[in-house]
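Observations on the three-dimensional arrangement
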Amino acid sequence: MNARDNTLYVILLGAPGAGKGTQAVLLSQQARLVHLASGDLFREVRQQDTEIGRLVKSYYDKGELVPDDVTIRMILERLSQPDCQSGCLLDGFPRTLQQALALDDAFHAQGKRIERVVSIAVERAELLRRLGGRWLCQRCGASYHTVSAPPKVGGTCDRCGGELYQRADDTEETAKNRLDVYDRQTAPLVDYYRTRDVLAEVNGQGQVESVQAAVVAALR
Ligand code: AP5
């Protein structure tokens, strides 16, 4: 917590499937912080039949990063809204050095700072296993896995009865490309934040609950 202005901004960093979204949902409930997931914003935009919707879809569906100028504009605009003024959990942003620098500049100008960057590490084979078996609820967003967390009734959400679907970018080929993109464009941010002395590294291989305990400990 930033003692000066009582704000708390945290970044969850990690490869696709590392568990950023899972941990962010749990943390945002515990800490009553806004969960700002860039992927969720892009999933909404890519449905729109607009120039920006088509542009986002063309990158998203291949597992490539949406260009920095579009991403930075969208996220900084979202961060400027009233519900983010006392802090938030950033899940999926920043993902390139240019995005990290833009966030630093914007926060510097506003007298804010990133308190902690939690990097969640998981081996590639496990990441592919998680992404390949992931199913999501159309209605409430609950997440399932065909092997480790199957729904009671196939194709139906246990919580709300909604229909389950697989993400367009969770196909094997696209998931592999997303992991390559992460290694090339996002992994260097681990060193970037380490040199700024805000990095905490967490092993993301265990059960959701034990990873959560490690994430919470990293924030203390
Ligand atoms: P985004 O939606 O951010 O996807 P991602 O980073 O690829 O992350 P995922 O949502 O796949 O994984 P996660 O780490 O959140 O894991 P989760 O908790 O869901 O981005 C999608 C696309 O949007 C990008 O490819 C790009 O095109 C665009 N985009 C987004 N941000 C961008 C940016 N900043 N710049 C440019 N473009 C951007 O868990 C995964 C699965 O594992 C689930 O089934 C879950 O139940 C399971 N699981 C979680 N934890 C555990 C555990 N401990 N043990 C076992 N299973 C677990």
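The present account deals with the structure reproduced in this document. (Residues numbered from 1 in each chain as written. Predicted model: local features only at pLDDT ≥ 70, side-chain atom pairs only at ≥ 80, totals over all residues. Heavy atoms only, no water.)

**As for the overall build of the chain**
- When you go through the chain residue by residue, the secondary structure sums to nine helices and eight strands.
- Along the longest, intermediate and shortest principal axes, the C-alpha atoms of the chain span 50 × 40 × 30 Å.
- Once local pairs closer than 6 in sequence are excluded, the contacts in the chain between residues at least 24 apart make up 70%.
- Total accessible area on the chain stands at roughly 11,600 Å², and carbon and sulfur atoms take up 50% of it.
- With 28 positive and 29 negative side-chain charges, the chain shows a separation of 3 Å between the mean positions of the two kinds. (Helix = DSSP H or I, 4+ residues; strand = E, 2+ residues; numbered from the N terminus. Contact = heavy atoms within 4.5 Å. Areas by Shrake-Rupley, 256 points an atom, 1.4 Å probe, with all protein chains shown as cover. Lys, Arg positive; Asp, Glu negative; His and termini not counted. Charge placed at Lys NZ, Arg CZ, Asp CG, Glu CD.)

**A word on helix α3 (residues 51-60)**
- Along α3, the positions that sit buried rather than exposed are Gly 53, Val 56 and Tyr 60. Taken around the axis of α3, the buried residues stretch over an arc of 70 degrees, which confines them to a single face.
- Where α3 is buried, its residues meet α2 (38-45). (Buried < 20%, exposed > 50% of the residue type's maximum accessible area, 1.4 Å probe, protein only. Arc of directions from axis to C-beta.)

**A look at the sheet that holds strand β7 (residues 164-165)**
- With respect to topology, three strands assemble into an open sheet ordered β6-β5-β7, the strand pairing being antiparallel. With partners counted over all chains shown, the strands left at the sheet margins are β6 (143-145) and β7, one partner each.
- Note: strand β5 (residues 134-137) against β6, three bridges, orientation antiparallel. Within the sheet, the bridge partner assigned to Leu 136 lies in β6 and is Ser 143. (Pairing = 2+ DSSP bridges.)

**Some words on the packing of aromatic side chains**
- All chains considered together, the criterion is met by two aromatic pairs.
- With a centroid separation of 4.9 Å and an interplanar angle of 85 degrees, the aromatic rings of Tyr 192 and Tyr 193 are classed as edge-to-face.
- Exposure remark for Tyr 192: the relative accessible area of 9% places this residue in the buried category. (Phe/Tyr/Trp six-rings, centres within 6.5 Å; stacked < 30°, edge-to-face > 60°.)

**What about the sheet that holds strand β1 (residues 8-14)?**
- Pairing in this open sheet of five strands is parallel, and the strands run β2-β3-β1-β4-β8 from one edge to the other. Unpaired on one side and paired on the other, β2 (34-37) and β8 (199-203) mark the two borders of the sheet. Within this sheet the neighbouring strands show an average axis-to-axis angle of 20 degrees, counted without direction.
- Judged from the four bridges that link them, β2 and strand β3 (residues 87-91) form a sheet pairing that is parallel. If you follow Ala 37 over to β3, its bridge partner there is Asp 91.
- Against the sheet, helix α1 (residues 20-31) touches β1, β2, β3 and β4 (116-121), its axis set at about 165 degrees to β3. (Axes fitted to C-alpha atoms, helices over the stretch in contact; angles between N-to-C directions.)

**Observations concerning helix α6 (residues 124-132)**
- Considered for burial, the residues of α6 that qualify are Glu 126, Leu 127, Arg 130 and Leu 131. The buried residues of α6 occupy an angular sector of 130 degrees when projected down its axis, which confines them to one face.
- Among the structural elements, β5, β6 and α7 (172-186) are those in contact with the buried residues of α6.

**Considerations on the packing of α2 against helix α4 (residues 68-79)**
- Where α2 contacts α4, the axes come no closer than 11 Å and their chain directions differ by 110 degrees. In terms of axis orientation, α2 runs roughly perpendicular to α4. Residues Ser 38, Leu 41, Phe 42 and Val 45 of α2 pack against Thr 71, Met 74, Ile 75 and Arg 78 of α4.
- Considering only residue class, the contact of α2 with α4 consists of five nonpolar, two polar and one charged. (Parallel < 35°, antiparallel > 145°, perpendicular 65-115°, else oblique. Nonpolar A, V, L, I, M, F, W, Y, C, P; charged D, E, K, R; others polar.)

**Examining the side chain of Gln 23**
- Checked against the element boundaries, Gln 23 lands in helix α1.
- Residue classification places Gln 23 among the buried positions, given a relative accessible area of 3%.
- A polar atom in the side chain of Gln 23 sits 3.3 Å from the backbone oxygen of Val 208.
- If we ignore the near neighbours within four places in the chain, the residues touching Gln 23 are Leu 12, Ile 120, Val 208, Val 211, Gln 212 and Val 215. (Polar contact = N/O pair within 3.5 Å; in protein donor to acceptor, adjacent residues only side chain to side chain.)

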